[in-house]
Amino acid sequence: MCFPTYRQVGWLLARGYPLVKLINQIFNNNDDPLKGKQLPVLYSARDFGFYSLSGNVGTRFGHAVGWAMAKAYRNSDDIAIGFIGDGTTAEGSFHEALTFASVYKAPVILGITNNQWAISTFTGLATNQDTTFASKALSYGIPGLRVDGNDALAVYSVLEWAADRARHGHGATLIEFFTYRSGAHSTSDDPERYRPKDEASLWPLGDPIERLKQHLLANSEWSEERDDEIQKVLDKQVTESLKEAERIGVLGESKPDVREMFEGVFKEQDWRVKEQLKELGL
Ligand SMILES: Cc1ncc(C[n+]2csc(CCOP(=O)(O)OP(=O)(O)O)c2C)c(N)n1
Ligand SMILES: [Mg+2]
C-alpha cells in the first residue's frame, strides 16, 4: 500500500488508474470518483493500493507504519511505502513514526524526497547541514540509505532492496532520494523571490527521464524513433482523456449530486448528518 504525497501521482498511473478519472476529480464533475469530498489533486484509490492523499504533510509516515504494523500482526505478506519531503522531516510525526517502525520492525519503506526546498524554505532549516536525512535512521537502529534520486536505476535498486528486507521480516528502511525541485512549488509560488534565478539551470544531476533515455540509447535498448513514437502515444492519451472529461463537464458545468456529500463518510449516519439532510429537504 502506497502512502503518497502530492508528488507521487506517478504511482497511481503506473498501476493503471485511468487518466480520465484523475481529470474528473480535478474538474469535480459528476463522475468525480470521490464525489467532491477531496481537493482536486488529493487522490484516493484503495483498489490500486493508493491510500488517500492527505494535504497534511506530516501524516504519511505514521499512517504507513501503522498500516504495516497491522499487516505484520495479521501475518500478511503485504508491505507499505510512505513518502514525505525534506521540510516535513522537521515535524514531530517523523520521529514518532520512526520509533514505532523501529521498535515493531514494521514492514515499511520510508522515503524522503529531498528536493532541497520546502516551498520557500531551504533544506538547511529542516536539518543541520553537517548531517544527512538518511543518517537520522541510524539512531533508530534501521538502515538509512542516500541515493541519487534522479538516477532511475539506482532508485529502482534501493527500493527493491528495501522491499525485500521488509518482506523477509527485517523491518523498515529509510531512504533519502537526493534531488532538486527545478520548478515552482505550486502555481501560486514564484521561486525567483527567494532563490537565484539561474539556480535550476546550474543543478548538475540532470533530468531523470532524459538520463534514463540517454542510458538506454547508449546500451542500444532504445531509439529516438521509439522515443518520438511513445511521446505521440502519450500526448494523444492525455488529450483524449481531457476531452472525455470535458464532455462530462468542467468545474461548475456538472457536479456530484448534493446527497453524495452525506454518503460514504460514516458507516451509520450520525444524527447531525440526518439533521443537515432534513435542512436541505432531502
Ligand atoms: C501539516 C502541514 N503544514 C504545512 C502545510 C503547508 N505546506 C504544504 S507543502 C509544504 C512544504 C513541504 O515541503 P517538503 O516537505 O520539503 O515537500 P516538497 O513539497 O518539497 O516535496 C508546506 C509547508 C501542510 N500542507 N501541512
Ligand atoms: Mg522539499
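The rules behind the values
Residues numbered from 1 in each chain as written. Chains lettered and ligands numbered in written order. Predicted model: local features only at pLDDT ≥ 70, side-chain atom pairs only at ≥ 80, totals over all residues. Heavy atoms only, no water. Helix = DSSP H or I, 4+ residues; strand = E, 2+ residues; numbered from the N terminus. Contact = heavy atoms within 4.5 Å. Areas by Shrake-Rupley, 256 points an atom, 1.4 Å probe, with all protein chains shown as cover. Lys, Arg positive; Asp, Glu negative; His and termini not counted. Charge placed at Lys NZ, Arg CZ, Asp CG, Glu CD. Buried < 20%, exposed > 50% of the residue type's maximum accessible area, 1.4 Å probe, protein only. Pairing = 2+ DSSP bridges. Axes fitted to C-alpha atoms, helices over the stretch in contact; angles between N-to-C directions. Parallel < 35°, antiparallel > 145°, perpendicular 65-115°, else oblique. Left-handed = near helix turned anticlockwise from the far one by under 90°. Near = heavy atom within 4 Å. Polar contact = N/O pair within 3.5 Å; in protein donor to acceptor, adjacent residues only side chain to side chain. Nonpolar A, V, L, I, M, F, W, Y, C, P; charged D, E, K, R; others polar. Donors = N, O, S within 2.8 Å, 3.2 Å for Na, K, Ca; no water.

Peer 1: Just give me the short version of the overall build of the chain, but keep the residues and values in it.
Peer 2: When helices and strands are tallied, the chain shows nine helices and seven strands. A principal-axis box enclosing the C-alpha atoms of the chain has dimensions of 60 × 50 × 40 Å. A fraction of 65% describes how many contacts in the chain between residues 6 or more apart in sequence connect residues 24 or more apart. Counting every atom, the chain has about 16,800 Å² of accessible surface; 53% of that belongs to carbon and sulfur. One way to put it: in the chain the 31 positive side-chain charges average out to a point 6 Å from where the 39 negative ones average out.

Peer 1: Lay out the pairing of strand β2 (residues 80-85) in plain terms, naming residues and giving numbers.
Peer 2: Of all the six residues making up β2, five are buried; the element is thus mostly covered by neighbouring parts of the structure. Here strand β1 (residues 2-3) runs beside β2; their pairing, made up of two bridges, is parallel. Following the sheet pairing, C2 is matched in β2 by I81. Where β2 and strand β3 (residues 108-114) come together, six bridges link them in parallel fashion. Across the sheet, residue F83 finds its bridge partner in β3, namely G111.

Peer 1: Explain the environment of I119 residue by residue, including any values.
Peer 2: Counting through the fold element by element, I119 comes out in the loop between β4 (117-118) and β5 (121-122). Using a relative accessible area of 41% as the deciding quantity, one classes I119 as partly exposed. Taking the C-alpha atoms as reference points, I119 and H185, 66 residues apart in sequence, are found 5.4 Å from one another. If we skip the residues at most four places from it in the chain, I119 touches R181, H185, D189 and Y194.

Peer 1: Go over the packing of helix α2 (residues 19-27) against helix α8 (residues 224-248) with me, naming the residues and quoting the values.
Peer 2: For any two helices packed against each other, the geometry comes down to the angle between their axes and how far apart the axes lie. At a minimum axis separation of 9 Å, α2 and α8 run at an interaxial angle of 45°. When the axis of α2 is compared with that of α8, the two are oblique. Classified by chirality, the crossing of α8 by α2 is right-handed. Note on element contacts: α8 touches α2 through Q237, V238, S241, L242, E244, A245, E246 and I248, opposite L19, V20, I23, N24 and F27.

Peer 1: Any chance you could break down the site of ligand 1 for me, citing the residues and the numbers?
Peer 2: Taken together, 15 residues sit near ligand 1, with Y6, R7, G55, T88 and W117 positioned nearest. At 3.3 Å, a backbone N or O of V57 approaches a nitrogen atom of ligand 1. In this structure, an oxygen atom belonging to ligand 1 sits 2.9 Å away from a main-chain N or O atom of G87. Across the complex, the protein chains shield 71% of the 590 Å² of accessible surface that ligand 1 would expose by itself. A class-by-class count of the residues in the shell around ligand 1 yields five nonpolar, seven polar and three charged.

Peer 1: So what's going on with the coordination of the magnesium ion (ligand 2)? Which residues, and what values?
Peer 2: Distances from the magnesium ion (ligand 2) to its protein donors, D86 (OD), N115 (OD1) and W117 (O), fall within 2.1 Å. Taken in chain order, the donor set of the magnesium ion (ligand 2) reads D-x28-N-x1-W. In this pair, D86 is assigned in the loop between β2 and α4 (92-103) and W117 in strand β4, connecting sequence segments 31 residues apart. Residue D86 is classed as buried on the basis of its relative accessible area of 1%.

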